[in-house]
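Each chain is listed here by its residues.
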Amino acid sequence: TLRDCLDAQEALNVRLVRVGTFSHLRNAADGRDPANQARHAKVEMLRSRIAAATSFVASEIAGLPDGSIERFLASEPGLEAHRRDLEFVLETKRYRLHPEAERALAALGEVFGAPYRVYDRTKSSDMRFEAVEDGEGTVHPVSFNTYQSDLERSPDPVLRRRASESFAKGLSTHRNGLAAAYSTELRTQVVAARLRGWASTTDMLLSGQRVERRLYELVHDAILADLPPIMRRWARLVRRVLGLDRLHACDLKAPLERTTPRATWAEGVELIASGLAVLGPEYGRIVRRALAERWVDRANNLGKSSGAFCSTPYGVHAYILITWADTLRDVFTLAHELGHAGHLMLAGAKQRYVNTRPSLFFIEAPSTLNERLLGRSLLAATNDPSRRRWVISQILGTYFHNFVTHLLEAELQRRLYAMAEADRPITATLLDETQAEVLRSFWGDELEIDEGARLTWMRQPHYYMGLYPYTYAAGLSAATAVAQAIEVEGPPAVARWLRTLEAGGTRRPLELLELAGVDLSTDRPIRQAVAYVGALVGELESLF
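Residues numbered from 1 in each chain as written. Predicted model: local features only at pLDDT ≥ 70, side-chain atom pairs only at ≥ 80, totals over all residues. Heavy atoms only, no water.

A. A nonpolar patch on the surface, seen in detail. A surface patch of nonpolar side chains, about 250 Å² in accessible area, is lined by Leu-108, Val-111 and Phe-112. For Leu-108, the location among the structural elements is in the loop between helix H5 (99–107) and helix H6 (109–112). Assessed through its relative accessible area of 39%, Leu-108 is described here as partly exposed. (Patch = residues over 30% accessible without salt bridge, like charges linked within 9 Å, V, L, I, M, F, W, Y side chains within 5 Å. Areas by Shrake-Rupley, 256 points an atom, 1.4 Å probe, with all protein chains shown as cover. Salt bridge = Lys/Arg side-chain N within 4 Å of Asp/Glu carboxyl O. Helix = DSSP H or I, 4+ residues; strand = E, 2+ residues; numbered from the N terminus. Buried < 20%, exposed > 50% of the residue type's maximum accessible area, 1.4 Å probe, protein only.)

B. Structural view of the sheet that holds strand S4 (residues 309–311). Read across the open sheet, the 3 strands follow the order S3-S5-S4; overall the sheet is mixed. The sheet is open, and its two edges are formed by strand S3 (296–297) and S4, each paired on a single side. Judged from the 3 bridges that link them, S4 and strand S5 (residues 319–321) form a sheet pairing that is antiparallel. Within the sheet, the bridge partner assigned to Phe-309 lies in S5 and is Leu-321. (Pairing = 2+ DSSP bridges.)

C. Spotlight on helix H22 (residues 491–502). Helix length check: H22 (12 residues) gives 16 Å between terminal C-alpha atoms against 16 Å at 1.5 Å per residue, within 8%. All of the buried residues in H22 are Ala-493, Val-494, Arg-496, Trp-497, Thr-500, Leu-501 and Glu-502. As for H22, its buried residues are in contact with helix H14 (281–292), helix H15 (328–350), helix H16 (360–363), helix H17 (365–380), helix H21 (469–489) and helix H23 (509–515). Note on H22: the residue one or two positions beyond its end, Gly-504, has a positive phi of about 55°. (Expected span 1.5 Å × (residues − 1). Contact = heavy atoms within 4.5 Å.)

D. Seen up close, the nonpolar core. Grouped together as the largest cluster of nonpolar side chains are 141 residues, with contacts concentrated most on Leu-227, Leu-334, Phe-403, Trp-443 and Tyr-470. Broken down by element, the residue count for this core peaks at 17 residues, all from helix H18 (residues 385–421). Once residues within four sequence positions are removed from consideration, Leu-227 is found in contact with Phe-403, Val-404, Phe-442, Val-530 and Val-533. With 11 residues, the next largest nonpolar core counts Leu-6, Val-57, Leu-73 and Leu-86 among its residues. (Core = buried A, V, L, I, M, F, W, Y, C linked by side-chain atoms within 4.5 Å.)

E. Looking closely at the packing of aromatic side chains. For the structure on display, the rule yields 21 aromatic pairs. Between Phe-361 and Tyr-470, the ring centres sit 6.0 Å apart and the planes meet at 55°, which makes this aromatic pair tilted. Here the residue Phe-361 occupies a position in helix H16, and Tyr-470 occupies one in helix H21, the gap between them amounting to 109 residues. An identical accessibility class is assigned to Phe-361 and Tyr-470; each is buried. Ring geometry for Tyr-468 against Tyr-472: centres 5.1 Å apart, planes inclined by 35°, an arrangement best described as tilted. Here Tyr-472 falls in the buried class, since its relative accessible area comes to 8%. By the ring-pair criterion, three or more aromatic residues cluster together here, those being Tyr-116, Tyr-119, Tyr-182, Tyr-463 and Tyr-464. One cation-aromatic arrangement involves Lys-123 over Phe-144; the distance from NZ or CZ to the ring centre is 5.0 Å. (Phe/Tyr/Trp six-rings, centres within 6.5 Å; stacked < 30°, edge-to-face > 60°. Lys NZ or Arg CZ within 6 Å of the ring centre and 35° of its normal.)

Given below as structure tokens:
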């Protein structure tokens, strides 16, 4: 009976994923369209109804006499696919509430998701930014997408600074409203943790990732101890090369080369296929199909979600959203998203739906590895000093994105959850001040903390996704170790990696990494990855 119930629940969730993916992708393509908004809202209501209607399953499993699930697993082979979920229910049963309370909370899932929807709708539909002129008088429109994918990377300091001012001004008009949304998100998690009896909100959020608190803290502390001196050296290099008196947040992604290498879509396809060829023919076929069969939404349009992401509904194929601007940087971003596509399609081909997705702790390792492999391929293909400087800068950019941008998001989260648990009101002013403190503690006196920097907390949706930001640093630490193993060992390391991808979510994150040959139970791989960043900075210092 338990087997039949869990199989039926799995089949229902597969259908829900397809419906949800459709509405999500349409809304991400144009969040201003009322039909897309309504469809997306309808699916969220459906999710809550289904969650409430099926909440009894976990409650009844948790209520079985001790030892029952272990006996069932031993006697019924059909339950093996559900082992992970059954074990999770047993591990967290002491934090479960009365079945009726669980049902009520599940029914309110749509309400609990409101802070993120407010943020997303505000960003995609309501924010407006003033157009700006560059140093030659040409007018440039400013939007979330154009600023993050193009304008903050402009080599023109006039355009970059003016765009930053416009962007900050546009953000600030929604500062108090979005602060209220984020404060509500924090309080929701804090109250849920208290109701369930968790020692802390962090412990509750990490439980779903199958990650111990010690490992979470280790990622933060190892990087924040070793990386700031290296990145301050890099900041001084940027200031020197760009000829700036002071470095602002809007200068951190400015190119050190005067010209940014261009790459058409067709050129990008070939560069990625070549760079990822080391992962073998099966992986290569997934990449080729994604790029040839229009799995990628690459147009730039108003209302489109900012950034890039990959969505892979079980039993179909991956869908990737990116804003393509014909730059080599876009090639790196696309390679990153193809890492998610290749991972989840390989896992989906080998595992049932319930075991396809691994812990969030692992999810960014396949994507960041692809960026490393692409960078290695590009360096091997050129002796041109300028291009080599640019490629090294982009490889460093991968580490900047994951070890700096996202880990500082995570550090902001770490501080804010502590404040929320102490019942401190989370206001816009507190968010601004805490963001400034996080940046100042990392950059020291090397960075000018202007209004745009203080409003960084408004730029990413990750704050509404639990403890997601730190997983980028964890994933890249693992990816660095795997990349180095591939460089040294070749095919054996690739074979281990592909087996790891195919394993999907059948193992806990540290066990998955062990399958790939990486021991992340200590800080050694993390500190080695940070040391690699130091080597990249040193190489750039010698080239400039």
